Amino acid sequence: KNQVEQSPQSLIILEGKNCTLQCNYTVSPFSNLRWYKQDTGRGPVSLTIMTFSENTKSNGRYTATLDADTKQSSLHITASQLSDSASYICVVREAGNRDDKIIFGKGTRLHILP
Amino acid sequence: EADIYQTPRYLVIGTGKKITLECSQTMGHDKMYWYQQDPGMELHLIHYSYGVNSTEKGDLSSESTVSRIRTEHFPLTLESARPSHTSQYLCASSEFAGDTGELFFGEGSRLTVL
């Protein structure tokens, strides 16, 4: 069964510190992996997309990595800010026909303390 | 910023009432989705559509129904609301062909059934 597992479930860090969120998946065949940020009470917003051939991609203070061999991805946040407090959701798309499936992780809840 | 809109943002109603959650997008996307999300939990797909007159049930069984009469409009209806329907409902859209799978989400409709 295709699954996306995220760790940790929740994380608390001080403002200005760095952190790394993990995502392991068993989705096959693999199309792409996205990290979404979901602020409390809002809809998720895409941060990065990783395709099979990509290892690293940055979006400002967010850097995503992908190891397609071990089926692992990480999201590194540098110099955290209070506005980074949110849930971060790893989403993997299964390749295929028009019924391509999108599998969501349960998310990591990140709390930034001043 | 995504051009996808949901109304109402918040709704508190009594058991047995009929409700319709509205979702509209101005991006011309063919694919649209409804997700259900309880607080602190993952998103569950309840309905999706490939285009006009196309509706499919998602992974999570739901007593709600949807319609897709126009490309830009994908309303969700509950004929008789119950307390178990209390949740956040998120609408999303994406391009159909050759896409990389980015989902554009609305702000969500938080439903409370008393």
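Above this text sits the structure in question.
These numbers were taken from a predicted model, which means no experiment stands behind them.

Residue and element names in this part refer to chain B. Structurally, Thr65 is set in strand E7 (residues 65–66). Judged by relative accessible area, which is 40%, Thr65 ranks as partly exposed. Placed 31 residues apart in sequence, Thr65 and Trp34 show a C-alpha to C-alpha distance of 10 Å. Aside from chain neighbours lying at most four places away, what touches Thr65 is His47, Pro75, Leu76 and Thr77.

With that settled, consider the state of the cysteines. Applying the stated criterion to the full structure yields two disulfides over all chains. Paired through a disulfide, Cys23 of chain A and Cys90 of chain A show a sulfur-sulfur distance of 2.0 Å. The chirality of the disulfide connecting Cys23 of chain A with Cys90 of chain A is left-handed, given an S-S dihedral of about -70 degrees. In this pair, Cys23 of chain A sits in strand E3 (residues 19–25) while Cys90 of chain A sits in strand E9 (residues 86–94), placing the two residues 67 residues apart along the sequence. Put simply, Cys23 of chain B and Cys91 of chain B are joined by a disulfide, and their sulfur atoms are 1.9 Å apart. Given an S-S torsion of about -75 degrees, the disulfide between Cys23 of chain B and Cys91 of chain B has left-handed geometry. In this pair, Cys23 of chain B is assigned in strand E3 (residues 19–25) and Cys91 of chain B in strand E9 (residues 87–94), connecting sequence segments 68 residues apart. Taken as a pair, Cys23 of chain B and Cys91 of chain B share a single burial class, namely buried. Not engaged in a disulfide, the cysteine Cys19 of chain A finds its nearest cysteine sulfur in Cys90 of chain A; these two sulfurs lie 15 Å apart.

Overall, antiparallel pairing links the four strands, which are arranged E1-E3-E8-E7 (chain B) in an open sheet. Strands at the two margins of the open sheet, each flanked by one partner only, are strand E1 (4–7) and E7 of chain B.

With that settled, the discussion passes to empty space enclosed by the protein. Rolled over the atoms, a probe as big as a water molecule pinpoints where empty space is left. Applying the stated rule across the entire model yields one cavity of 30 Å³ or more. Counted as a void, the largest cavity has a volume near 50 Å³. Lining the largest cavity we find Asn32, Arg34, Tyr36, Val91, Val92, Arg93 and Ile102 of chain A together with Gly101 and Leu103 of chain B. Elements supplying a minimum of two residues to the lining of the largest cavity: strand E4 (30–38) and E9 of chain A.

Let's shift gears to the packing of aromatic side chains. All told, the structure shown has seven aromatic pairs over all chains when counted by the stated rule. Residues Tyr62 of chain A and Tyr88 of chain A carry aromatic rings whose centres are separated by 6.2 Å and whose planes lie at 50 degrees to one another, so their mutual orientation is tilted. Here Tyr62 of chain A is found in strand E7 (residues 62–67), whereas its partner Tyr88 of chain A is found in strand E9, with 26 residues between them in sequence. Of the residues examined, Tyr88 of chain A reaches a relative accessible area of 0% and is grouped as buried. Chaining the aromatic ring pairs together yields one cluster made of Tyr36 and Phe104 of chain A together with Tyr33, Tyr35 and Phe105 of chain B. Above the face of the Tyr62 of chain A ring, Arg61 of chain A is positioned so that its terminal group lies 5.7 Å from the ring centre.

So, about the interface of chain A and chain B. Each side of the interface is counted separately: chain A has 21 residues, and chain B has 22 residues. In this structure, Arg34 of chain A engages Glu102 of chain B in a salt bridge whose closest nitrogen and oxygen atoms are separated by 3.9 Å. Summed over the shared surface of chain A and chain B, the number is five residue pairs in polar contact (both at pLDDT 80 or more). Put simply, the parts of the chain that give the side of chain A that touches chain B at least two residues each are E4, strand E5 (45–51), E9 and strand E10 (102–104) of chain A. Per element, the largest residue contribution to the side of chain A that touches chain B is four residues, and it comes from E4 of chain A. In terms of residue class, the side of chain A that touches chain B is made up of six nonpolar, six polar and nine charged.

About the thresholds
- Residues numbered from 1 in each chain as written.
- Chains lettered and ligands numbered in written order.
- Predicted model: local features only at pLDDT ≥ 70, side-chain atom pairs only at ≥ 80, totals over all residues.
- Heavy atoms only, no water.
- Helix = DSSP H or I, 4+ residues; strand = E, 2+ residues; numbered from the N terminus.
- Buried < 20%, exposed > 50% of the residue type's maximum accessible area, 1.4 Å probe, protein only.
- Contact = heavy atoms within 4.5 Å.
- Disulfide = S-S within 2.5 Å.
- Pairing = 2+ DSSP bridges.
- 1 Å grid on protein atoms, 1.4 Å probe; cavity = no way out; pocket = protein on both sides within 12 Å on 5 of 7 lines; lining within 4 Å.
- Points joined across faces, edges and corners; volume = space filled by probe spheres on them.
- Phe/Tyr/Trp six-rings, centres within 6.5 Å; stacked < 30°, edge-to-face > 60°.
- Lys NZ or Arg CZ within 6 Å of the ring centre and 35° of its normal.
- Salt bridge = Lys/Arg side-chain N within 4 Å of Asp/Glu carboxyl O.
- Polar contact = N/O pair within 3.5 Å; in protein donor to acceptor, adjacent residues only side chain to side chain.
- Nonpolar A, V, L, I, M, F, W, Y, C, P; charged D, E, K, R; others polar.

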